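# Residue-level structure breakdown
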Amino acid sequence: MESTTINDTRLSPHFRLGEFISLNKYPDNKPTMQHVANMVYGCVMLLEPARQVVGPILVNSGFRNEDVNRHVGGVPNSQHLLGQAADIRPRDPQQFQRLVDFLKAHQLTDQLLTGNGWLHISWSPFTTPRHQVRIGYYK
């Protein structure tokens with residue numbers, strides 16, 4: 001499959017695979033079908049509903065293979081390795097707190113960690129969400 005095709009693959013109405021894998025920056029960061037299925041779950045169940053509340057959402061990082069995760073300083077057990085996490089921010093910075101509040105209250109949020117204007121959200125399609133929330137985790 002050509003990288004252009006991979007990048008254009010829709011995970012949900014408003015999110016594309018290319019936003020989650022950064023092939024231009026990391027050409028070997030290619031997910032398996034299970035990783036893609038996990039990302040579809042997160043987009044459909046969490047990110048699309050969040051987008052309805054806050055407007056467009058920008059994805060900084062989604063799936064990471066082990067090399068990319070190590071390169072960016074991710075923890076060894078990161079849910080990014082499974083396609084079950086994304087680092088995001090609303091396009092409109094004034095919607096940040098609204099996005100945090102929405103995801104904090106969402107029943108399918110597994111982990112929510114906030115940073116300076118962005119947040120890490122994870123989901124767990126196969127287990128009960130932990131609802132672990134840490135505001136100001138990333139300084």
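For the structure, see preceding data.
In short, a report on the structure. Position numbers for residues count from 1 along each chain, tracking the sequence in the order it is written. Since the coordinates come from a predicted model, pLDDT governs what is reported: local features require at least 70, and pairs of side-chain atoms require 80 or more to be given and counted, while whole-chain, interface and lining totals use all residues. Values reported for side chains reflect all heavy atoms of the structure, with hydrogen atoms and water molecules removed beforehand.

### Concerning the sheet that holds strand β3 (residues 57-61)
- Strand pairing is assigned whenever DSSP identifies at least 2 bridges connecting the two strands. Strands here mean DSSP runs of E at least two residues long; helices mean DSSP runs of H or I at least four residues long; both are numbered from the N terminus. Strands sit in the order β3-β4-β6-β5-β7 across an open sheet of 5 strands; the sheet is mixed. A single partner strand is all that each edge strand has here, and the edge strands are β3 and β7 (132-134). Each neighbouring strand pair of the sheet contributes to a mean axis angle of 25 degrees, computed without reference to strand direction.
- The pairing of β3 with strand β4 (residues 85-90) spans 4 bridges and is classified as antiparallel. Paired with serine 61 across the bridge in β4 is aspartate 87.
- Contacts are residue-level and defined by heavy atoms, with any inter-residue pair within 4.5 Å sufficient. Lines fitted to C-alpha atoms define the axes here, with helix axes fitted over just the stretch in contact, and angles between the N-to-C directions of these axes take values from 0 to 180 degrees. Against the sheet, helix α3 (residues 33-54) engages β3, β4 and β6 (119-122), with an angle of about 135 degrees to β3.

### Quick notes on the packing of α3 against helix α5 (residues 96-105)
- Where α3 meets α5, the closest approach of the two axes is 10 Å, and the angle between their N-to-C directions is 140 degrees. Overall, the two elements α3 and α5 adopt an arrangement that is oblique. Classified by chirality, the crossing of α5 by α3 is right-handed. Residues Leu46, Pro49, Ala50, Val53 and Val54 of α3 form the contact with α5, whose participating residues are Arg98, Leu99, Phe102 and Leu103.
- Classification convention: Asp, Glu, Lys, Arg as charged; Ala, Val, Leu, Ile, Met, Phe, Trp, Tyr, Cys, Pro as nonpolar; all other residues, Gly among them, as polar. Partitioning the contact of α3 with α5 into residue classes produces 8 nonpolar, no polar and 1 charged. Put simply, angles under 35 degrees are roughly parallel, angles over 145 are roughly antiparallel, angles from 65 to 115 are roughly perpendicular, and the rest are oblique. Should the near helix be turned anticlockwise from the far one by less than a right angle, the crossing is termed left-handed; should it be turned clockwise, right-handed.

### Thoughts on the nonpolar core
- Counting 28 residues, the largest nonpolar core has Phe20, Ile88, Leu99, Leu103, Leu119 and Ile121 as its most contacted members.
- At the level of elements, α2 (17-21), α3, β3, β4, α5 and β6 are the ones that each hand at least two residues to this core.
- Broken down by element, this core gets its largest block of residues, 7 residues, from α3.
- Ignoring sequence-local partners within four residues, the contact set of leucine 119 consists of Ala86, Asp87, Ile88, Phe96, Leu99, Val100, Leu103, Leu112, Leu113 and Thr114. Grouping buried Ala, Val, Leu, Ile, Met, Phe, Trp, Tyr and Cys residues that are joined through side-chain atoms within 4.5 Å yields what is termed a nonpolar core. Throughout, exposure labels follow a simple rule: accessible area from a 1.4 Å probe, protein chains only, divided by the maximum for the residue type, with under 20% read as buried, over 50% as exposed, and the rest as partly exposed.

### With respect to the pattern of salt bridges
- Salt bridge, as used here, is a side-chain nitrogen of Lys or Arg placed within 4 Å of a carboxyl oxygen of Asp or Glu. For the structure on display, the rule yields 3 salt bridges.
- A salt bridge links arginine 70 to aspartate 67, with the shortest nitrogen-to-oxygen separation between them at 2.6 Å. Linking arginine 70 with aspartate 67, this pair stays in helix α4 (residues 66-71), spanning 3 residues, or about one helical turn.
- Here arginine 70 falls in the exposed class, since its relative accessible area comes to 55%.
- For aspartate 67, a relative accessible area of 52% gives the class exposed.
- Notably, a salt bridge pairs aspartate 110 with arginine 130, separated by 2.8 Å at the nearest N-O pair. Remark: arginine 130 occurs in the loop between β6 and β7 and aspartate 110 occurs in the loop between α5 and β5 (111-114); sequence separation between them is 20 residues.

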